[in-house]
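# A structural walkthrough
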Amino acid sequence: MYLSTIGRREHAAKGKLSAVGANVFALGAVSLVTDVSSEMVTAVLPVYLVLGLHLSPAAYGLVDGLYTGATALLRIVGGYVSDRIRRRKVVAGAGYALSAVAKLGLLAAGASATAIGAVITLDRTGKGLRTAPRDALITLSTPEPLLGRAFGVHRAMDSMGAFAGPLVALAVLAAVGATNPEAFDAVFVVSFCVAAIGVLLLVLFVRDHRTPRPANPVSPRAAAALLRGSGVRRLLVAACVLGLATVGDGFVYLLLQHKEDIATGWFPLLAVGTNLSYLLLAAPLGVLADRAGRLPVVLGGYGALALVYLLLAGPVSGWPLFALALALYGAFYAATDGVLMALAGPLLPESLRTTGISLVQTAQALAYFASSVLFGLAWQFWGAGLAIGIAAGAAVVAIAVTFVVLSPRKAAS
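Residues numbered from 1 in each chain as written. Predicted model: local features only at pLDDT ≥ 70, side-chain atom pairs only at ≥ 80, totals over all residues. Heavy atoms only, no water.

### A look at the nonpolar core
Among soluble globular proteins, nonpolar side chains are generally buried collectively. Let me state the cut-off plainly: Grouping buried Ala, Val, Leu, Ile, Met, Phe, Trp, Tyr and Cys residues that are joined through side-chain atoms within 4.5 Å yields what is termed a nonpolar core. Exposure classes here rest on a 1.4 Å probe applied to the protein chains alone. A residue is buried below 20% of its type maximum, exposed above 50%, and partly exposed in between. Runs of E in the DSSP output that reach at least two residues are strands. Runs of H or I that reach at least four are helices, and both are numbered from the N terminus. Throughout, a residue-residue contact means that at least one pair of heavy atoms, one from each residue, lies within 4.5 Å.
The biggest cluster of nonpolar side chains holds 44 residues, and the ones touching the most others in it are Val252, Tyr253, Leu256, Tyr309 and Tyr329. Contributing elements (two or more residues each) for this core: helix H11 (249–260), helix H12 (268–292), helix H13 (294–313), helix H14 (318–344), helix H15 (353–382) and helix H16 (384–406). Among residues more than four places away in sequence, those in contact with tyrosine 329 are Val247, Gly248, Asp249, Val252, Tyr253, Thr274, Leu305 and Val308. Among the nonpolar cores identified, the runner-up in size contains 36 residues, and Val206, Ala238, Leu340 and Ala342 belong to it.

See below:
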């Protein structure tokens, strides 16, 4: 059936496939380079703040909350503005540029926790502005039957950067000397240079997709009207439910460290293991989503997440635990991150595609933030074992609810 569907659309898409592939690849290259820059900072930021600047755990928690939550509502702003002016590349480029400048802001912030928080908020503002326009460009540059593959290729390239970023940061620290007071400054300068290359790639190689001017202008009322569509409402419900079943990456890695008592110096490499699995699986799972259905792949990804939680609560230990947990965690991201956006794209009109995607991403981000806060409280008051057990149960419930809400029979009705 998949091949016959492609065959029916082949004539219409034949002259465009190479250009579509080029634009998706260009966006992937921008994300790859930008993620190298971002993950360089993410890998060293906890050590820099807590050990270098001697921030208290409470102060670090505030900064980390800004880093996690500052993008949520800004995604809607970026999505709406992109649809309003019909220049998605411009809005995405502004977001990438803000994040690049923020890397130099870390140098200027010095030891001020307030200034560091402001700079991190600026960096997350850039991410919030660029994410929805970038994903909308992918959906608008790709035939609908190939959306899973397109997002898989993009997320695979993105994860290459996430995989390489911590390694580049460790290389810079090793070259300068980790005990050198200027070592972290060197990481921030290199991170800015890499981010600037990403902005240049966007300007030179990414093509904008100017949708026709809609008969009804894009307005807050038109954006709010998206919520009247049952398909969009069901997708938002599913995004919230799935977000509530997902705890922060840091908690997963802290639980691994807590269970195995690994040295602090190895902590950044846990993210490298996850991103390696993500890198290897993103494109194949994107292709599978196009062939077998996007909803089954998304639900399978959350099944992998539930297994990660069970491994953290179970008797498995040592290298088998690390290998299985990180591989499954990467598979979770590969099966859900881009595939959920591919699932959302066809439900949204072209004129409001970016706004709709940003609504889905914002709903999931807010739920994700709430989940992380609740998990932290559960860990503190009830212990790690009970907290992760509750998380595993929540993931199973989320899979069942999402299946009911987004099942093909429900969609058809």
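Once the structure has been displayed, the description carries forward.
### Section: the pattern of salt bridges
Put simply, the rule reads: Take a side-chain nitrogen of Lys or Arg and a carboxyl oxygen of Asp or Glu: if they are within 4 Å of each other, that pair is a salt bridge.
Evaluated as defined, the whole model comprises 6 salt bridges. Of the charged contacts in the structure, one is a salt bridge between aspartate 123 and lysine 103, with a shortest N-O distance of 3.0 Å. Of this pair, aspartate 123 sits in helix H6 (residues 113–140) while lysine 103 sits in helix H5 (residues 88–109); the two residues are 20 residues apart in sequence, bridging distant segments of the chain. This pair shows no difference in class: aspartate 123 is buried, exactly as lysine 103 is. Ionic pairing is found between aspartate 135 and arginine 155, a salt bridge with its closest N-O pair at 3.2 Å. One end of the pair, aspartate 135, is in helix H6; the other, arginine 155, is in helix H7 (residues 147–176), and 20 residues separate them in sequence. No difference in accessibility class separates aspartate 135 from arginine 155, as the two residues are buried. Put simply, Arg134, Asp135, Arg155 and Asp337 are held in one network by salt bridges that share partners.

### Concerning the packing of aromatic side chains
In plain terms, the rule: Geometry of aromatic contacts follows a simple scheme: Phe, Tyr and Trp rings, the Trp one being its six-membered ring, pair when their centres are within 6.5 Å, and the pair is stacked under 30 degrees between planes, edge-to-face over 60, tilted otherwise.
The final tally for this structure, using the stated rule, is 8 aromatic pairs. Ring centres 6.1 Å apart and planes at 90° place the aromatic pair tyrosine 253 and tyrosine 329 in the edge-to-face group. Of this pair, tyrosine 253 sits in helix H11 while tyrosine 329 sits in helix H14, and the two are 76 residues apart along the sequence. Accessibility expressed as a relative area gives 0% for tyrosine 329, which makes it buried. Look at tyrosine 302 and phenylalanine 332: their rings are 5.1 Å apart centre to centre, the planes differ by 80°, and that puts the pair in the edge-to-face class. Taken together, the residues span a long stretch of sequence, with tyrosine 302 in helix H13 and phenylalanine 332 in helix H14 at a distance of 30 residues. Of the two residues examined, tyrosine 302 and phenylalanine 332, each falls in the buried class. Three or more aromatic residues joined by ring pairs make a cluster, and in this case those are Tyr253, Tyr278, Tyr302, Tyr329, Phe332 and Tyr333.

### Quick notes on the side chain of aspartate 158
Stated precisely, the cut-off is as follows: Only four residue types enter the tally: Lys and Arg on the positive side, Asp and Glu on the negative side; His and the chain ends are excluded.
Within the fold, aspartate 158 resides in helix H7. Although aspartate 158 lies buried, it forms no salt bridge, and the closest oppositely charged side chain, arginine 134, sits 4.6 Å away as judged by the N-O distance. Residue contacts for aspartate 158: discarding those within four places in its chain leaves Ser31, Leu32 and Asp35.

### Focus on the packing of H7 against helix H8 (residues 183–205)
Note the following rule: What counts as an axis is a line fitted to C-alpha atoms, over the stretch in contact for a helix, and the angles between N-to-C directions run from 0 to 180 degrees. Convention used here: angles under 35 degrees read as roughly parallel, angles over 145 as roughly antiparallel, angles from 65 to 115 as roughly perpendicular, and any remaining angle as oblique. Put simply, a crossing is left-handed when the front helix is turned counterclockwise from the back one by less than a right angle, and right-handed when it is turned clockwise. Under this grouping Gly is polar, as are all residues other than the nonpolar Ala, Val, Leu, Ile, Met, Phe, Trp, Tyr, Cys and Pro and the charged Asp, Glu, Lys and Arg.
At a minimum axis separation of 9 Å, H7 and H8 run at an interaxial angle of 135°. If you check the angle between H7 and H8, you find them oblique. H8 is crossed by H7, and the crossing has right-handed handedness. For the pair H7 and H8, the contacting residues are Ala169, Val172, Leu173 and Val176 in the first and Ala183, Phe184, Ala186, Val187 and Val190 in the second. Across the contact of H7 with H8, the residue classes tally to 9 nonpolar, no polar and no charged.

### Side note on the confidence of the model for the protein chain
Condition: pLDDT gives the predictor's per-residue confidence on a scale running from 0 to 100.
Summing up the model confidence of the protein chain, the mean pLDDT is 80 and the portion of residues at 70 or higher is 82%. Looking at the elements of the protein chain, mean pLDDT is at its lowest for helix H1 (residues 2–13), recorded as 38, and at its highest for H13, recorded as 93. For residues 1–20, every residue scores under 50 in pLDDT, and the model assigns this stretch 18 contacts once sequence neighbours within four places are set aside.

### Topic: helix H10 (residues 230–244)
Worth spelling out the cut-off: Each helix should span, by expectation, one fewer than its residue count multiplied by 1.5 Å.
The terminal C-alpha atoms of H10, which comprises 15 residues, lie 21 Å apart, in line with the 21 Å expected from a rise of 1.5 Å per residue. Taken as a whole, H10 has its buried residues at Gly231, Val232, Arg234, Leu235, Leu236, Ala238, Ala239, Leu242 and Gly243.

### Some points on H7
Residue pairs spaced three or four apart in an α-helix point in one direction, given the helix's 3.6 residues per turn. For H7, which comprises 30 residues, the first-to-last C-alpha distance of 43 Å matches the rise-based estimate of 44 Å (1.5 Å per residue) to within 8%. Downstream of H7 by a residue or two, glycine 177 has a phi angle that is positive, lying close to 105°.

### A short note on the environment of leucine 242
Checked against the element boundaries, leucine 242 lands in helix H10. Each C-alpha atom, one on leucine 242 and one on alanine 394, is 9.0 Å from the other, the two residues being 152 residues apart in sequence. Ignoring sequence-local partners within four residues, the contact set of leucine 242 consists of Val298, Tyr302, Gln364, Ala398 and Thr402.

### Examining the environment of isoleucine 116
Within the secondary structure layout, isoleucine 116 lies in helix H6. Using a relative accessible area of 1% as the deciding quantity, one classes isoleucine 116 as buried. Note: C-alpha distance between isoleucine 116 and glycine 105 (11 residues apart in sequence) is 8.0 Å.

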